[in-house]
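Observations on the model geometry
Residue-level listing of the chains:
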Amino acid sequence: MSADTTPSFGAIIIGDEILSGRREDKHFAKLLELLKARGLRLASVRYVADEPPRLVQALKESFAGADIVFSFGGIGATPDDHTRQSAAAALGLPLALHPEAEAEIRARFGDETTPQRLQMGVYPEGSAIIPNPYNRIPGFSIRNHFFVPGFPVMAWPMVEWVLDTCFAGLHHRTDYIERSVVVWEALEGKLIDLMESITADFPDATLFSLPSVGGEGLPRHIELGMKGPAGRVDEAMARITAEITRRGYAWEPRADL
């Protein structure tokens, strides 16, 4: 299967506390890790405040795309949680108490089940639940969008469940790797001709160059690499390393991405 037919993944990370700096986002790095472990790639990340107009607009744009998207946060029952309602508004769908979610919530709280707690099982009509192994309060999915809580201890196992249950057939399906080397004391301007030559000769792969002025004990350097089909990346990197060696640069491989 070609890379062009493999869906892309995206993330929407919701929360005023992240945008104000009161909390540090950890979802981006973890989602990247979970996807890479399965040979999948993250194509986009969007941070959105807990404001219904912004959420509705962001979700409308996301639902209109083709990506598989994980949304983190804002699905609780407190007045500052607007994700469930905004997803319904973005799709033009009514909200309804999901029977499986209701069963999970009642099993979790028993006689202490309240209307407020049942609100956590109210989703856009037509949604499916995402099991929550931590406290049994489900997330929900609709139209290739998967909505999980903002708490990592809940969200990350739920994301893993989605990836391994709903998208196992996509794991490691694409022939894709990234390789790079760190070229010490190099300037991009001195290597542009090499980059142009590699780009022209390997149109089925992508060259990248990440310069650094150094600091913290490191000299100036460039991370120079390729991403794409394994065979072509290996061939291109062999050309790159041979040429930078010929030009007298010291270099070392970067750890596999």
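First, a word on scope: everything that follows refers to the structure included in this document.

Analysis parameters
Residues numbered from 1 in each chain as written. Predicted model: local features only at pLDDT ≥ 70, side-chain atom pairs only at ≥ 80, totals over all residues. Heavy atoms only, no water. Helix = DSSP H or I, 4+ residues; strand = E, 2+ residues; numbered from the N terminus. Rg over C-alpha atoms; globule rule 2.2 N^0.38 Å. Buried < 20%, exposed > 50% of the residue type's maximum accessible area, 1.4 Å probe, protein only. Contact = heavy atoms within 4.5 Å. Pairing = 2+ DSSP bridges. Axes fitted to C-alpha atoms, helices over the stretch in contact; angles between N-to-C directions. Polar contact = N/O pair within 3.5 Å; in protein donor to acceptor, adjacent residues only side chain to side chain. Expected span 1.5 Å × (residues − 1). Arc of directions from axis to C-beta. 1 Å grid on protein atoms, 1.4 Å probe; cavity = no way out; pocket = protein on both sides within 12 Å on 5 of 7 lines; lining within 4 Å. Points joined across faces, edges and corners; volume = space filled by probe spheres on them. Nonpolar A, V, L, I, M, F, W, Y, C, P; charged D, E, K, R; others polar.

Remarks on the overall build of the protein
When helices and strands are counted, the protein shows nine helices and 12 strands. Computed over its C-alpha atoms, the radius of gyration of the protein comes to 23 Å, more than 25% above the 18 Å expected for a compact globule of 257 residues. By its C-alpha atoms, the protein is 75 × 40 × 30 Å across when sized along the principal axes. The buried share of the protein, reckoned over its 257 residues, is 43%. Across the protein, the fraction of contacts at a sequence separation of at least 24, relative to all contacts at a separation of at least 6, is 69%.

Overview of the sheet that holds strand 1 (residues 9-14)
Ordered in space as 2-1-3-8-7-6, the six strands form an open sheet in which the pairing is mixed. Every other strand in the sheet has two partners, leaving strand 2 (42-48) and strand 6 (128-130) as the edge strands with one partner each. Across the sheet, the axes of successive neighbouring strands diverge by a mean angle of 20°, strand direction being ignored. In this sheet, strand 8 (residues 145-148) lies alongside strand 7 (residues 139-142) in antiparallel orientation, the contact comprising three bridges. Within strand 8, the residue paired with Ile142 across the bridge is His145. Relative to the sheet, helix 3 (residues 52-63) contacts strand 1, strand 2, strand 3 (68-72), strand 7 and strand 8, its axis offset from that of strand 2 by approximately 165°. Where helix 7 (residues 152-166) meets the sheet, it contacts strand 1, strand 3, strand 6, strand 7 and strand 8, and its direction lies at approximately 165° from that of strand 3.

A word on the pairing of strand 11 (residues 221-228)
Most of strand 11 sits inside the fold, with seven of its eight residues counted as buried. In terms of strand pairing, strand 9 (residues 177-184) meets strand 11 through eight bridges, oriented antiparallel. The residue bridging Val181 from the neighbouring strand is Leu224, located in strand 11.

Things to note about the side chain of Asn132
Looking at the secondary structure, you find Asn132 in the loop between strand 6 and strand 7. By relative accessible area, which is 5% here, Asn132 ends up buried. For Asn132, the side chain forms a polar contact with the main-chain oxygen of Ile137, separated by 2.9 Å. Discounting residues that sit within four places of it in the chain, Asn132 has contacts with Ile137, Pro138, Pro149, Met154 and Met158.

Digging into helix 8 (residues 188-201)
Spanning 14 residues, helix 8 covers 19 Å between terminal C-alpha atoms, matching the ideal 20 Å at 1.5 Å per step. Looking only at helix 8, the buried set comprises Leu191, Leu194, Met195 and Ile198. Next to the buried residues of helix 8 lie strand 10 (206-212), strand 11 and helix 9 (230-246).

Side note on the environment of Ala186
Along the chain, Ala186 turns up in the loop between strand 9 and helix 8. Residue class for Ala186 comes out buried when judged on its relative accessible area of 2%. Each C-alpha atom, one on Ala186 and one on Pro219, is 9.6 Å from the other, the two residues being 33 residues apart in sequence. Residue contacts for Ala186: discarding those within four places in its chain leaves Leu191, Arg220, His221, Ile222 and Tyr249.

With respect to helix 9
Along its 17 residues, helix 9 runs 24 Å from first to last C-alpha, staying within 8% of the 24 Å computed at 1.5 Å per residue. Every buried residue of helix 9 is listed here: Val233, Ala236, Met237, Ile240, Thr241, Glu243 and Ile244. Down the axis of helix 9, the buried side of the element spans an arc of 165°, and every buried residue falls inside it. Contact partners of the buried residues in helix 9: strand 9, helix 8, strand 10, strand 11 and strand 12 (251-253).

Some points on the layout of surface pockets
As a volume, the largest pocket reaches approximately 710 Å³. Taken together, 33 residues form the lining of the largest pocket, with Gly73, Gly74, Pro149, Gly150 and Phe151 sitting closest to its centre. Only strand 1, helix 1 (16-19) and helix 7 provide two or more residues apiece to the lining of the largest pocket. Among the elements that make up the lining of the largest pocket, the one with the highest residue count is helix 1 (three residues). Across the lining of the largest pocket, the residue classes tally to 14 nonpolar, nine polar and 10 charged.

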